[in-house]
Amino acid sequence: MKKRKHIFLYDKSKIDRLDNKIKKYKKFKPYNQKTVDEDFRLNEKFAQLSIVASNFMMTGHSPTMVLTKREEGDEVLLPAGGGQKDRAREIISKIDFRKLYRGGKGRKTDPLMIITAICMYVMRQDNPRRGDIKYSNDFISSVGVTKEIYQHISQKLDSYIKSGNLMSSSI
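Caption draft 1: Geometry of the overall build of the protein chain. Regarding its fold elements, the protein chain presents 7 helices and 2 strands. Tracing the protein chain from N to C terminus, the helices and strands come up as α-α-β-β-α-α-α-α-α. Burial analysis of the protein chain (171 residues in total) assigns 30% to the buried set. Taking the intrachain contacts of the protein chain between residues at least 6 apart in sequence as the baseline, contacts between residues at least 24 apart amount to 58%.

Caption draft 2: Quick peek at the packing of helix α2 (residues 40-56) against helix α5 (residues 111-126). Interaxial distance between α2 and α5 falls to 9 Å at its minimum, and their mutual angle equals 50°. Here α2 lies oblique to α5, going by the angle between them. The crossing of α2 and α5 is right-handed. Every residue of α5 that contacts α2 at Lys45, Gln48, Leu49, Val52 and Phe56 is listed here: Pro111, Leu112, Ile115, Thr116, Cys119, Met120 and Met123. Grouping the constituent residues of the contact of α2 with α5 by class yields 9 nonpolar, 2 polar and 1 charged.

Caption draft 3: View of the confidence of the model for the protein chain. For the protein chain, per-residue confidence averages 77 on the pLDDT scale, and 68% of positions sit at 70 or higher. The secondary structure element of the protein chain with the lowest average pLDDT is strand β2 (residues 75-80), at 64, and the one with the highest is helix α7 (residues 147-163), at 89.

Caption draft 4: Fine view of the layout of surface pockets. Approximately 230 Å³ is the volume attributed to the second largest pocket. Along the walls of the second largest pocket sit 13 residues, with Lys45, Phe97, Arg98, Pro111 and Ile114 positioned nearest its centre. Taken together, the elements giving at least two residues each to the lining of the second largest pocket come down to α2, α4 (97-100) and α5. If you tally residues by element for the lining of the second largest pocket, the top one is α2, at 4 residues. Along the lines of polarity and charge, the residues of the lining of the second largest pocket split into 5 nonpolar, 2 polar and 6 charged.

Caption draft 5: Spotlight on the environment of Leu49. Along the polypeptide, Leu49 turns up in helix α2. Considering only alpha carbons, one finds Leu49 and Ile118, 69 residues apart in sequence, at a separation of 9.5 Å.

Caption draft 6: Summary view of α2. Here α2 contains 17 residues, and its C-alpha end-to-end distance of 25 Å stays within 8% of the 24 Å for a straight helix at 1.5 Å per residue. For α2, the elements touching its buried residues are α3 (84-94), α4, α5 and α6 (138-143). After α2 finishes, the residue Met57 shows a positive phi value of roughly 55°.

Caption draft 7: Focus on the pattern of salt bridges. Counted according to the given criterion, the structure contains 1 salt bridge. Between Lys94 and Glu90 there is a salt bridge whose closest N-O contact spans 3.3 Å. Of this pair, Lys94 and Glu90 are both found in helix α3, 4 residues apart, which corresponds to roughly one turn of the helix.

Caption draft 8: The arrangement of α5 in detail. With 16 residues, α5 should cover 22 Å at 1.5 Å per step; its first-to-last C-alpha distance of 23 Å lies within 8% of that length. Burial within α5 is extensive, with 12 of its 16 residues counted as buried. Of the residues making up α5, those classed as buried are Met113, Ile114, Ile115, Thr116, Ala117, Ile118, Cys119, Met120, Tyr121, Val122, Met123 and Arg124. The secondary structure elements touched by the buried residues of α5 are α2, α3, α4, α6 and α7.

Thresholds applied
Residues numbered from 1 in each chain as written. Predicted model: local features only at pLDDT ≥ 70, side-chain atom pairs only at ≥ 80, totals over all residues. Heavy atoms only, no water. Helix = DSSP H or I, 4+ residues; strand = E, 2+ residues; numbered from the N terminus. Buried < 20%, exposed > 50% of the residue type's maximum accessible area, 1.4 Å probe, protein only. Contact = heavy atoms within 4.5 Å. Axes fitted to C-alpha atoms, helices over the stretch in contact; angles between N-to-C directions. Parallel < 35°, antiparallel > 145°, perpendicular 65-115°, else oblique. Left-handed = near helix turned anticlockwise from the far one by under 90°. Nonpolar A, V, L, I, M, F, W, Y, C, P; charged D, E, K, R; others polar. pLDDT = per-residue confidence, 0-100. 1 Å grid on protein atoms, 1.4 Å probe; cavity = no way out; pocket = protein on both sides within 12 Å on 5 of 7 lines; lining within 4 Å. Points joined across faces, edges and corners; volume = space filled by probe spheres on them. Expected span 1.5 Å × (residues − 1). Salt bridge = Lys/Arg side-chain N within 4 Å of Asp/Glu carboxyl O.

As structure tokens, this is what we get:
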């Protein structure tokens with residue numbers, strides 16, 4: 001058998017090799033370091049958010065300003081309702097779903113299920129005694145949100161707010 005001679009790489013081929021390694025690193029960088037353009041999953045989650053928001057009839061973007069009479073008798077523009085979809089969008093963009101609810105041993109995780117629970121959480125923040133969100137609802141039961149799953153996710157969201165990872169003013 002002939003012995004192979006050591007072949008020295010030219011400078012151009014060395015540079016090309018390093019470029020390929022850098023491209024590979026950028027392609028597989030961690031989830032939290034990716035920009036919105038690079039992360040197709042985030043766009044997919046926002047699309048699922050609009051499906052859930054239309055099923056729940058959540059109030060859309062930014063609250064509307066309404067003339068409101070105060071006790072003194074003067075009328076002032078004050079925000080009324082709205083902004084639920086924006087608050088849910090902010091939570092979805094900032095939270096890692098794997099930390100929010102983990103699957104395992106018979107527990108199934110689905111991004112649509114977690115997004116539905118987040119939307120329920122945002123809507124119940126506005127009105128805690130909201131009675132029209134029932135777990136027996138066709139959409140909620142088909143997605144797979146149960147009372148236990150919702151309580152688990154809402155406790156995690158509360159702890160994120162208390163720790164300061166999420167802005168409490170936005171929720």
